Amino acid sequence: MLYLTIYLTFISAILGAVMGSFLNCWAMRYETGEKYPRGRSRCPRCGHVLSAVELVPVLSWIALRGRCRSCHEPISVRYPITELIGAAVFAGIYLKYGLSPYTAELMILAGCLMLMAFIDFDTMILPNGPMIMALISWAAFLPAHEDWKRRAVSGIITALVLGAIILTVSLIMDRVTKRESLGGGDIKLLALLALYFGPWQSLLLVILSCLIGLTFAFALRAKEKPFPFGPAIAIGAVAVAMWGEEVVGWYGGLF
Ligand SMILES: [Zn+2]
């Protein structure tokens, strides 16, 4: 059993690394107007088509010491970082939820979140495509939950109520601070995640996202530029998916 767990965790990590790599390329090409990645992977500087040995997540980058084999220009550290993020998130989900439909559901959600976070990081835009994908996936996996009726009702009510509250608060904040506090995409994403997490874990998600977002804002303040909130929500959502139930249970146990 232990060997099987180690083996499947390893497989999940590889799957996650490949997903992270693919979604990062998708995000980087999104800016250039391509809807999804097409054709073979190339060096963005010299156009050198990558061979199989240059396509191994993380390891290729280390083996090449972060430089293109053809033009020797540096390859962004963003490639191995996004691959490592994907590997860690997918392995974590498998270790936590094992071989279950929920693992598949969370991996799809994590993939959508990574794509949104990478694109938002580059462009300050949270695209609708992956949000619709996550919405469809939520509905498709509903019957796999034993308490699917309760999950559906509490998810939809939470999404509507939380969405309305956040929208109102952000409109008031916009008035007070005279600039856009939360984008429409951020509000849509939080409402979408409320479907997945229900009332208490969604509340935890909002608090976590704000804390992570504030940390980012402080870190980026040196550059005096607005920061994207999407990556903060995505990180918060992964944390809630992993530990939300325990935190809410522990907090509820205090009373
Ligand atoms: Zn090159």
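Values in this document were obtained by computation on a predicted structure and should not be read as measured data.

Novice: It is not clear to me how the overall build of the protein chain should be interpreted in this structure. Could you clarify?
Specialist: The secondary structure content of the protein chain amounts to eight helices and zero strands. Computed over C-alpha atoms, the radius of gyration of the protein chain comes to 20 Å, within 12% of the 18 Å expected from 2.2 N^0.38 for 255 residues, which places it in the range of a compact globule. With the C-alpha coordinates of the protein chain rotated into their principal frame, the extents come out at 60 × 55 × 30 Å. For the protein chain, with 255 residues in total, the buried portion stands at 43%.

Novice: How do you make sense of the nonpolar core when you look at a structure like this?
Specialist: The nonpolar side chains of soluble globular proteins are, as a tendency, buried together. Among the nonpolar cores identified, the biggest contains 49 residues, and Leu-113, Leu-189, Leu-193 and Phe-197 are the most heavily contacted of them. Secondary-structure elements contributing two or more residues to this core are helix H1 (2–30), helix H3 (78–97), helix H4 (101–123), helix H5 (128–141), helix H6 (148–177), helix H7 (184–220) and helix H8 (230–253).

Novice: I'm lost on the coordination of the zinc ion in this one. Help?
Specialist: Four donors placed tetrahedrally about a metal ideally form angles of 109.5 degrees, and six donors placed octahedrally ideally form angles of 90 or 180 degrees. Protein coordination at the zinc ion: the donors are Cys-43 (SG), Cys-46 (SG), Cys-68 (SG) and Cys-71 (SG), at 2.3 Å from the metal. Here the zinc ion binds four donor atoms, and the angle range of 104 to 118 degrees at the metal identifies the geometry as tetrahedral. Along the chain, the residues donating to the zinc ion fall in the pattern C-x2-C-x21-C-x2-C. Of the two residues, Cys-43 is situated in the loop between H1 and helix H2 (59–63) and Cys-71 in the loop between H2 and H3; the sequence distance between them amounts to 28 residues.

Novice: Help me understand the environment of Arg-40, please; the structure alone is not making it clear to me.
Specialist: When you line up the elements, Arg-40 lands in the loop between H1 and H2. When the C-alpha positions of Arg-40 and Ser-51 are compared, they lie 9.2 Å apart, and in sequence the two are eleven residues distant. Arg-40 has contacts with Arg-29, Val-49, Leu-50 and Ser-51, leaving out every residue within four places of it along the chain. From its side chain, Arg-40 meets the backbone oxygen of Leu-50 in a polar contact 2.8 Å long.

Novice: Sorry, what's going on with the environment of Thr-9 here?
Specialist: Inspection of the secondary structure assignment puts Thr-9 in helix H1. Owing to a relative accessible area of 14%, Thr-9 belongs among the buried residues under this scheme. Placed 138 residues apart in sequence, Thr-9 and Asp-147 show a C-alpha to C-alpha distance of 27 Å. Other than its neighbours up to four places away in sequence, Thr-9 contacts Ala-91, Tyr-94 and Leu-95.

Novice: Is there a simple way to explain the pattern of salt bridges in this structure?
Specialist: Any two side chains of opposite charge can pair, so long as their charged atoms come close to each other. A complete count under the given rule lists five salt bridges for this structure. Arg-69 is paired through a salt bridge with Glu-54; the nearest N and O atoms lie 3.3 Å apart. Highlighted residues: Arg-69 in the loop between H2 and H3 and Glu-54 in the loop between H1 and H2, separated in sequence by 15 residues. For Arg-69, a relative accessible area of 46% gives the class partly exposed. The shortest N-O distance in the salt bridge between Arg-150 and Asp-147 comes to 2.9 Å. For Asp-147, a relative accessible area of 33% corresponds to the partly exposed category.

Novice: Honestly, H8 in this entry has me stumped. Any pointers?
Specialist: Residues spaced three or four apart along an α-helix face the same direction, because each turn holds 3.6 residues. Along H8, the largest kink reaches about 70 degrees and is centred on Trp-243. Turning to H8, its buried residues are Gly-230, Pro-231, Ala-232, Ile-233, Ala-234, Gly-236, Ala-237, Ala-239, Val-240, Ala-241, Met-242 and Gly-244. Buried residues belonging to H8 abut H3, H4 and H7.

Novice: What is the right way to read the state of the cysteines from this model?
Specialist: Here, disulfide denotes a covalent bond that connects the sulfur atoms of two cysteines. Under the criterion given, the structure shown has zero disulfides. Of all cysteine sulfurs, the one in Cys-43 lies closest to Cys-25, which takes part in no disulfide; the gap is 12 Å.

Novice: Is there a simple way to think about unusual backbone geometry in this case?
Specialist: Outside of glycine, negative phi angles account for most residues, and trans bonds account for most peptide bonds. Phi at His-72 takes a positive value of approximately 60 degrees, unusual for a residue other than glycine. With respect to the helices, strands and loops of the structure, His-72 is situated in the loop between H2 and H3. You will see that Met-124, though not glycine, has its phi angle at about 65 degrees, which is positive. With respect to the helices and strands, Met-124 occurs in the loop between H4 and H5.

Novice: Explanation requested: H4 in the structure shown.
Specialist: Given a rise of 1.5 Å per residue, 23 residues ought to cover 33 Å, and the 33 Å separating the end C-alpha atoms of H4 matches this to within 8%. The element H4 is extensively covered by neighbouring structure, given that 17 of its 23 residues are classed as buried. Two residues or fewer after H4 comes Met-124, characterised by a positive phi angle close to 65 degrees.

Cut-offs used in this document
Residues numbered from 1 in each chain as written. Predicted model: local features only at pLDDT ≥ 70, side-chain atom pairs only at ≥ 80, totals over all residues. Heavy atoms only, no water. Helix = DSSP H or I, 4+ residues; strand = E, 2+ residues; numbered from the N terminus. Rg over C-alpha atoms; globule rule 2.2 N^0.38 Å. Buried < 20%, exposed > 50% of the residue type's maximum accessible area, 1.4 Å probe, protein only. Core = buried A, V, L, I, M, F, W, Y, C linked by side-chain atoms within 4.5 Å. Donors = N, O, S within 2.8 Å, 3.2 Å for Na, K, Ca; no water. Tetrahedral: all angles 85-135°; square planar, octahedral: opposite > 155°, others 65-115°. Contact = heavy atoms within 4.5 Å. Polar contact = N/O pair within 3.5 Å; in protein donor to acceptor, adjacent residues only side chain to side chain. Salt bridge = Lys/Arg side-chain N within 4 Å of Asp/Glu carboxyl O. Bend = angle between axes of the 7 residues up to and from the residue. Disulfide = S-S within 2.5 Å. Expected span 1.5 Å × (residues − 1).

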